[in-house]
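# Results of the structural survey
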Amino acid sequence: MSGYPLKSFSLQISILTLFLAAPEFAAAQAGGPQKVRIPPPAAKAKPKTDRSTLPPIPVFKDIAKEISVTVQHIAAPEARYVIDSTSGGSGLFDCDDDGRLDIVLVNGSTVDRLREGGDPMVTLYHQEPDGTFKDITKEAGLTRKGWGMGVAVADYDNDGKLDLFVTGYTSSVLYHNLGNCKFEDVTEKAGVRGSGFMTGAAWGDYDRDGYVDLFVSRYSHLDLNNLPQFGSNKFCRYKGILVQCGPWGLEGESDFLYHNRGDGTFEEVSVKAGVHDDIGYYGLGVMWVDYDDDGWIDLLVANVGRL
C-alpha cells in the first residue's frame, strides 16, 4: 500500500467495487423494482439458568466390567436382514425378594444360528450383597433358545413373585417364578407362544379383573426360508447403495392381546378387543397408561413411521 494515503486507497477500492457491480445493478433495474429479502431479526439469546442453588448435573460412568455384567449381545455384524437390526431388550427386577434389583438382558441371534436352534433368549444377573452381579441364567432355568427381542416383567398369577415374558422371532417364552430366582417355562401351558416377528410387550389389567393381561406387538412378516435378499429390489437400496430390505416393502404384522383367565392360561382376544391391527403396522414399543384418568388403562403402540 506504499504511495497511497489511507483515505485515497479506500476511495479507489469503493469505486472499483461499484464499477464491477454496475452490470448486475443495471440488469436488476431493467427488470423493474426488485424485492429485497429482509433478514429476520436475530434471535434473542436465552438467559442462562442459574444453577447455583441446583444440584450438580449427573455424570455417568460405564461400570459394566467392574460389576461383572459382561455378556456379549449376539448379532450378525453384516446386518443383511431387517431382523439383524432389532433385539436387545433389558429389565430390572428383584427375582428373589432380597431387596436388590437383578438384571435381565435379552440375547439376539443370527439367521444361521437360529436355523440350528438359536441362542439362549435371556441372560439373568443376580445382584450380590457387594453390588456385583453373578450370571445365574442356567441355574435359574432360563434355558429356552431362539432369537430374543424384548422383555416384560409382572406377577401374572398373583403369587407375589415376579414372572418373565420374553418376546422373540418365531416364538416367545413365559417363565413362571417359583421363588429364589428359579423359573419354570410355562409357555405352552399358558398359550402365549405366539408366532412371527414379535418385538415389544407390556402387562396391564385392561379389564380390571385383578389379573394382568399381556399385549405383544409384531413387526413385519419374515419367512426364515425365503428372506428378502440384500439389495434385491427398490426397497433394498438407498441412493444407489445396496442395503437390507425393510421394513418398507415388507408385509406388516398384526398384534396379540392375551387375556389372563386367572388360572395360569391366556386367551388371545385382539380381534374381540379391537387392537388386532388389521393394517399391519410395523410394531415396536408398547405401553399401558391411563392417559385421561378415567380409571381404565389405555394402550399406546409405537410403530415405525406412526403411533
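Residues numbered from 1 in each chain as written. Predicted model: local features only at pLDDT ≥ 70, side-chain atom pairs only at ≥ 80, totals over all residues. Heavy atoms only, no water.

### Some thoughts on the nonpolar core
For soluble globular proteins, the rule of thumb is that nonpolar side chains tend to be buried together. In this structure, Phe93, Val104, Leu124, Leu142, Leu164, Val166 and Phe183 are the most contacted members of the largest nonpolar core, which totals 17 residues. Elements represented by at least two residues in this core include exactly strand E2 (102-106), strand E4 (122-127), strand E8 (163-168) and strand E9 (173-179). Among all residues touching Val166, those that are not within four sequence positions of it are Val106, Met121, Val122, Gly150, Val151, Ser172 and Val173. Val192, Leu214, Phe256 and Phe266 belong to the second-largest nonpolar core, a separate cluster that totals 16 residues. (Core = buried A, V, L, I, M, F, W, Y, C linked by side-chain atoms within 4.5 Å. Buried < 20%, exposed > 50% of the residue type's maximum accessible area, 1.4 Å probe, protein only. Helix = DSSP H or I, 4+ residues; strand = E, 2+ residues; numbered from the N terminus. Contact = heavy atoms within 4.5 Å.)

### Let's talk about the confidence of the model for the chain
In the predicted model, the chain carries a mean pLDDT of 88, and the fraction of residues at 70 or more is 88%. Here residues 1-30 scores under 50 on pLDDT; set against residues more than four positions off or in separate chains, the count is four contacts. (pLDDT = per-residue confidence, 0-100.)

### Digging into the sheet that holds strand E15 (residues 256-260)
Backbone-to-backbone hydrogen bonds join strands into a sheet, with any given pair of strands oriented parallel or antiparallel. Spatially, the four strands line up as an open sheet ordered E11-E12-E15-E16, and their pairing is antiparallel. What marks the edges here is a single partner per strand, and that holds for strand E11 (198-204) and strand E16 (266-268). Neighbour-to-neighbour, the strand axes of this sheet turn through a mean angle of 20 degrees, independent of strand direction. The sheet contact formed by E15 and E16 spans three bridges and is antiparallel. Each bridged residue has a counterpart across the sheet, and for Asn260 the counterpart in E16 is Phe266. (Pairing = 2+ DSSP bridges. Axes fitted to C-alpha atoms, helices over the stretch in contact; angles between N-to-C directions.)

### Section: the pairing of strand E10 (residues 182-185)
Of the pairings in the sheet, the one linking E9 to E10 comprises four bridges and is antiparallel in character. The residue bridging Gly179 from the neighbouring strand is Lys182, located in E10. Here E9 folds back onto E10, and the loop between the two strands holds two residues, one of which, Asn180, carries a positive phi near 55 degrees.

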